[in-house]
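# Structure at a glance
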Amino acid sequence: MTSQIDSPNSPFSRFGALHLPRPRTAMDSYRATTRTAQRPVTLPQPPPGVRPAWGTIGAAIDHRLRYAFTTQQAIDTAVKEGITYTAAWCTQMRRPDIADAVLTTGRDLERDLRALLDQERPDDRARPMLLDPTPEQHLARLCVAMVWFEEVCRSGVLYPTSPIVLLADRLTLPALLAQVPDYIVDDLGRQMRLAQDVLGALRAGTDVEQCHSGPLFAGSRDVGGADADLIVGPLLVDFKALKDPVRLPAAAAYQLAGYALLDYEDRYGLERVGIYLTRSGQLITWELGEYLDLLGAQTPVPALRAELAGWLAQ
């Protein structure tokens, strides 16, 4: 999905230019809301001289927040594919021992995660969103470990600085979890405490069966893959861990609309779309029709979905 939005000549971008020509108007609406709220932003506190791992932290809080609404999918496809890709890369580098360690660690990661989710039930509406300190910190470390594999899938690269590479043949799940910096665990905890206050009512107002983690759409394959963050009842939510909430690129407007329109058959019954700012604790939502109007749409949602399907089939 991202590659389609970033390429001005892609079918999706050409569709957007014709049918959704005003992404800046939608972002102006978003920015006006964030400026009006003027909420403080919680930031990571790494040791002196350490640059925060912004991308890793952002993806990890995404996973952790999903578990607060539904644990039906313990590990998503991108993480599983990342484990497979990492093992294949090690085999190509003639290190079958490390490939075996990667696959074993991946299996242990899924087993440990499933056991924790079954025991703690973070999606249980009768329990707080934030777990007790020990399981919460362990879940945070598991989320970061998942992201390290997910990054391989999404980027197609296993960087030399990855903890997976640095551990090499010493790779085990306990060793990998020990590589997660404490400042990241603390930062994820602060974001979850904020989410518990802000998203508590949304969580309480839905059942687990109404929530979908990393949902795929009928048109996901048409854009080379597109999995949204979370659907809660009729609301599609995109998580953004921004240190400066106002500085959201205009392309984000297309991302939110794209997910909703790729649901060609209206499987999820989406009525609203929104962005949750994990560092300032702000949930901004629009009615789906209202949001598409801001983008300049002149066509009802069903017709737009059909039109998009036609563009992507070219």
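Each remark here, short or long, concerns the structure printed above.
Residues numbered from 1 in each chain as written. Predicted model: local features only at pLDDT ≥ 70, side-chain atom pairs only at ≥ 80, totals over all residues. Heavy atoms only, no water.

When you go through the protein chain residue by residue, the secondary structure sums to 14 helices and 5 strands. Here the C-alpha radius of gyration of the protein chain, 20 Å, is about what a compact globule of 314 residues would show, namely 20 Å. Seen through its principal axes, the protein chain has C-alpha atoms that stretch 60 × 45 × 40 Å. When the 314 residues of the protein chain are sorted by exposure, 52% land in the buried category. Partitioning the intrachain contacts of the protein chain with sequence separation of at least 6 by distance along the chain shows that 75% fall at a separation of at least 24. Accessible surface, the protein chain: about 14,400 Å² in total, of which carbon and sulfur atoms supply 51%. Across the protein chain, the mean location of the 32 positive side-chain charges is 4 Å away from that of the 38 negative side-chain charges. (Helix = DSSP H or I, 4+ residues; strand = E, 2+ residues; numbered from the N terminus. Rg over C-alpha atoms; globule rule 2.2 N^0.38 Å. Buried < 20%, exposed > 50% of the residue type's maximum accessible area, 1.4 Å probe, protein only. Contact = heavy atoms within 4.5 Å. Areas by Shrake-Rupley, 256 points an atom, 1.4 Å probe, with all protein chains shown as cover. Lys, Arg positive; Asp, Glu negative; His and termini not counted. Charge placed at Lys NZ, Arg CZ, Asp CG, Glu CD.)

We now examine a negative patch on the surface. On the surface, a cluster of negative charge is contributed by E271, E287, E290 and D293. With respect to the helices and strands, E287 occurs in strand β5 (residues 282-287). Accessibility expressed as a relative area gives 43% for E287, which makes it partly exposed. (Patch = residues over 30% accessible without salt bridge, like charges linked within 9 Å, V, L, I, M, F, W, Y side chains within 5 Å. Salt bridge = Lys/Arg side-chain N within 4 Å of Asp/Glu carboxyl O.)

Okay, the environment of A87 next. Position of A87 relative to the elements: it lies in helix α5 (residues 77-92). Sequence separation of A87 and G233 is 146 residues, and the distance between their C-alpha atoms is 37 Å. For A87, the residues in contact, after removing those within four places along its chain, are A99, V102 and L103.

If you walk across this open sheet you meet the 5 strands as β1-β2-β3-β4-β5, and the pairing is mixed. Looking at the sheet topology across the chains shown, the edges are occupied by β1 (211-213) and β5. When the angles between neighbouring strand axes are averaged without regard to direction, this sheet yields 20 degrees. Inspection of the sheet shows strand β2 (residues 230-232) paired to strand β3 (residues 235-240) by 3 bridges, in the antiparallel sense. Residue I231 lies in a different strand from β3, and its bridge partner there is L236. Where helix α12 (residues 251-262) meets the sheet, its contacts fall on β3, β4 (272-277) and β5, and the angle it forms with β3 comes to roughly 145 degrees. (Pairing = 2+ DSSP bridges. Axes fitted to C-alpha atoms, helices over the stretch in contact; angles between N-to-C directions.)

This part takes up the pairing of β3. In terms of residue burial, β3 counts as a mostly covered element, since 6 of its 6 residues are buried. Along β3, one buried face is formed by L235, V237 and F239 and the opposite face, lined by L236, D238 and K240, is buried too. The hairpin formed by β2 and β3 contains 2 residues between the paired strands, and G233 there has a positive phi angle of roughly 60 degrees. Pairing of β3 with β4, which is carried by 6 bridges, proceeds in the parallel orientation. Bridge pairing in β4 links F239 to Y276.

For the pair helix α6 (residues 96-120) and helix α7 (residues 133-155), the least separation of the axes is 11 Å and the interaxial angle reads 145 degrees. The chirality of how α6 crosses α7 is left-handed. Residues V102, L109, D112, L113, L116, L117 and E120 of α6 touch α7, and the partners they reach there are P135, H138, L139, L142, A145, M146 and F149. In terms of residue class, the contact of α6 with α7 is built from 11 nonpolar, 1 polar and 2 charged. (Left-handed = near helix turned anticlockwise from the far one by under 90°. Nonpolar A, V, L, I, M, F, W, Y, C, P; charged D, E, K, R; others polar.)

Since the α-helix advances by 3.6 residues per turn, residues separated by three or four positions end up pointing in the same direction. Over its 16 residues, α5 runs 22 Å from end to end, which matches the ideal 22 Å to within 8%, given 1.5 Å per residue. Turning to α5, its buried residues number three or more, namely A78, V79, G82, I83, T86, A87 and C90. Close packing links the buried residues of α5 with α4 (54-69), α6, α7 and α8 (163-167). In the stretch just after α5, R94 is the one whose phi turns positive, near 60 degrees. (Expected span 1.5 Å × (residues − 1).)

Counted by the stated rule, this structure contains 6 aromatic pairs. Ring centres of F12 and Y254 lie 6.1 Å apart, and the angle between their planes is 90 degrees; this geometry places the pair in the edge-to-face category. Taken as a pair, F12 in helix α2 (residues 11-19) and Y254 in helix α12 lie far apart in primary sequence, 242 residues in all. Exposure remark for F12: the relative accessible area of 1% places this residue in the buried category. (Phe/Tyr/Trp six-rings, centres within 6.5 Å; stacked < 30°, edge-to-face > 60°.)

Before going further, it helps to examine α2. Buried within α2 are the following residues: P11, F12, S13, F15, G16 and H19. Packing partners of the buried residues in α2 comprise α1 (2-6), α12 and α14 (301-312).

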